[in-house]
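Here is what each chain is made of, one letter per residue.
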Amino acid sequence: MINLRDLTLAEMEALVREMGQPAFRAKQIFQWIGKGKKDFREMRNLPEVFQQMLSEKCRIATAETAAVQKSAKDGTRKYLFRLEDGNTIESVFMKYKYGNSICISSQAGCRMGCAFCASGRNGLVRGLTPGEMLSQILEAEADTGESIGHIVVMGTGEPFDNYENLKRFICIINDKNGKNLGMRNITVSTCGLVPGIRRFAADFPQVNLAISLHGTTDEIRTSMMPVNRKYPLNVLLSACREYTEKTGRRITFEYTLVNGINDRGEDMHRLADLLSGMLCHVNLIPLNKVDGSGFDTVSREKAVEFQQFLERRGIPATVRRELGADIDAACGQLRLGQSAPPERQRNLPAQETERKNH
Ligand code: SAH
């Protein structure tokens, strides 16, 4: 049974043609899918016989809300969704002055193994399908009764480790017959998979790119992010320069501040040196503490000190505003809290291993 939420409009057209129907029917189905309809009988402009044919061949997979935490302060809602196969994923709905935004997951688990991050604790289970990424938006819209205008692929998982599905997802949500989300309203965050950055620059020059930097020497960055062994700083930053030259777009560098690891004066200076002259913006994030990681966070004053220093050096910088501080904020914590005890299944990219399914 084909999950219709997984299909781009072109794929939907091929399917509809295969079923002996005119192509415009694909557009109609695609529009209903984008509106969150889950029942073929609700697709009122389709003939009944075709609705019946669809229900025999296709399904509309949804994500079931397993838990939701609502912030009383700022309207942030954190969801734990259960997928058809029982895997759980997290998404966070946030309200900003410019509109509603959702941070979605791209994988169940993650194999990047960043030391301070809860999402990768149990390793990778699998990449999400385009429909599973879309469901996070549709279910959050249904729950809040509000429409979402900005998508951030910054939840659990490494989006460039699931590139093909990410690509189809972006095509689906950007389509004017579907959610019609502008490319500039979509942001994808990567830990720095260089081939992915290159493909992304070619495929989606208008989509915002964020890079998790976190360290200013290979030694520090590798200790926090094993991916740095495969794509060290000089390789990563030259891919970033190439990206800005090719697309003319500013890169956002995320810098999670960890006490005693990357928050010293020398780190601040090196950070400015590394990014000097690049078309970029730095987002400083005081670490969200994760139990058992052994890492400590920094004060807001420290983050502001970094920000002011970078600004003086001509590098635009902001300190991430804390939303949903009264709910489990850190990435992956809700999922971790509900899943079985950690079973280490980390496949680091440096070792080039196959993906594990379990
Ligand atoms: N894999 C992608 C996207 C998911 S992580 C990436 O690495 O960019 C999204 C961001 O949250 C990354 O910058 C990541 O380093 C950061 N992050 C993860 N755990 C965190 C924590 N405990 N505190 C603060 N930031 C964290």
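Please read all numbers here as calculations on a predicted model, not as lab measurements. (Residues numbered from 1 in each chain as written. Predicted model: local features only at pLDDT ≥ 70, side-chain atom pairs only at ≥ 80, totals over all residues. Heavy atoms only, no water.)

J.: Got a sec to walk through the packing of helix 10 (residues 265-275) against helix 11 (residues 300-312)? Specific residues and values, please.
T.: Packed helix pairs are characterised by how far apart their axes lie and by the angle those axes make with each other. Orientation of helix 10 relative to helix 11, taken along the N-to-C sense of each, is 35°, at an axis distance of 10 Å. Of the two possible hands of crossing, helix 10 and helix 11 adopt the one that is right-handed. Between helix 10 and helix 11, the residues in contact are Asp-267, Met-268, His-269, Leu-271 and Ala-272 and Glu-305, Phe-306, Phe-309 and Leu-310, respectively. (Axes fitted to C-alpha atoms, helices over the stretch in contact; angles between N-to-C directions. Helix = DSSP H or I, 4+ residues; strand = E, 2+ residues; numbered from the N terminus. Left-handed = near helix turned anticlockwise from the far one by under 90°. Contact = heavy atoms within 4.5 Å.)

J.: Go over the sheet that holds strand 13 (residues 280-286) with me, naming the residues and quoting the values.
T.: With respect to topology, 10 strands assemble into an open sheet ordered 3-4-5-6-9-10-11-12-13-14, the strand pairing being mixed. Every interior strand has two partners, whereas the edge strands, strand 3 (64-70) and strand 14 (317-319), have only one. Taken over all neighbouring pairs, the strand axes of this sheet differ in orientation by 20° on average, direction set aside. Helix 4 (residues 130-144) rests against strand 4 (77-82), strand 5 (88-96), strand 6 (99-104) and strand 9 (150-153) of the sheet, and its axis sits at about 125° to strand 4. (Pairing = 2+ DSSP bridges.)

J.: Please give an account of the side chain of Ser-135 that cites residues and values.
T.: With respect to the helices and strands, the residue Ser-135 is situated in helix 4. The class for Ser-135 is buried, based on a relative accessible area of 2%. In contact with Ser-135, other than residues within four places in its own chain, are Arg-5, Ala-61, Thr-62 and Ala-63. (Buried < 20%, exposed > 50% of the residue type's maximum accessible area, 1.4 Å probe, protein only.)

J.: Help me get a handle on the site of the ligand, residues and values and all.
T.: Close to the ligand lie 17 residues; Gly-157, Ser-189, Ser-212, His-214 and Asn-288 are nearest. Gly-157 is positioned such that a nitrogen or oxygen atom in its backbone is 3.0 Å from a nitrogen atom of the ligand. Note that a nitrogen atom of the ligand is positioned 2.8 Å from one of the backbone N or O atoms of Asn-288. Computed on the free molecule, the ligand has an accessible area of 530 Å², of which 96% lies beneath the protein chains in the complex. Residues belonging to the shell around the ligand are distributed by class as follows: 7 nonpolar, 8 polar and 2 charged. (Near = heavy atom within 4 Å. Polar contact = N/O pair within 3.5 Å; in protein donor to acceptor, adjacent residues only side chain to side chain. Areas by Shrake-Rupley, 256 points an atom, 1.4 Å probe, with all protein chains shown as cover. Nonpolar A, V, L, I, M, F, W, Y, C, P; charged D, E, K, R; others polar.)

J.: Could you give an account of the state of the cysteines, with specific residues and numbers?
T.: Throughout the structure, instances matching the rule amount to 0 disulfides. A disulfide-free cysteine, Cys-114 has its sulfur positioned 5.7 Å from the sulfur of Cys-191, the nearest such atom. (Disulfide = S-S within 2.5 Å.)

J.: Quick one: what's the story with the pattern of salt bridges, residue by residue and with numbers?
T.: Tallying each qualifying case throughout the model produces 24 salt bridges. Note that Lys-37 is salt-bridged to Glu-42, the shortest N-O span being 3.8 Å. Two residues, Glu-305 and Lys-302, come together in a salt bridge whose shortest N-O distance is 3.8 Å. Note that Glu-305 and Lys-302 are positioned in helix 11 at a spacing of 3 residues, about one turn of the helix. Classification of Lys-302 by relative accessible area gives partly exposed; the value is 22%. Among the ionic contacts, a cluster of salt bridges with common partners joins Arg-5, Lys-38 and Glu-139. (Salt bridge = Lys/Arg side-chain N within 4 Å of Asp/Glu carboxyl O.)

J.: Lay out the domain arrangement of the protein chain in plain terms, naming residues and giving numbers.
T.: Segmentation of the protein chain into domains returns domain 1 (2-59) and domain 2 (64-354). Computed over C-alpha atoms only, the centres of domain 1 and domain 2 are separated by 33 Å. Contacts between domain 1 and domain 2 engage 15 residues on the former and 16 residues on the latter. Here domain 1 packs against domain 2, burying approximately 1200 Å² in sum over the two surfaces, 50% of which is carbon and sulfur. The largest per-residue losses of area from domain 1 upon contact with domain 2 belong to Arg-5, Asp-6 and Phe-30, which jointly make up 44% of the total buried on that side. Counting across the domain 1 and domain 2 interface gives 4 salt bridges. In this structure, Glu-11 engages Arg-168 in a salt bridge whose closest nitrogen and oxygen atoms are separated by 3.2 Å. The interface formed by domain 1 and domain 2 contains 10 residue pairs in polar contact (both at pLDDT 80 or more). (Domains from an automatic or database assignment. Buried area = accessible area lost by both parts, 1.4 Å probe.)

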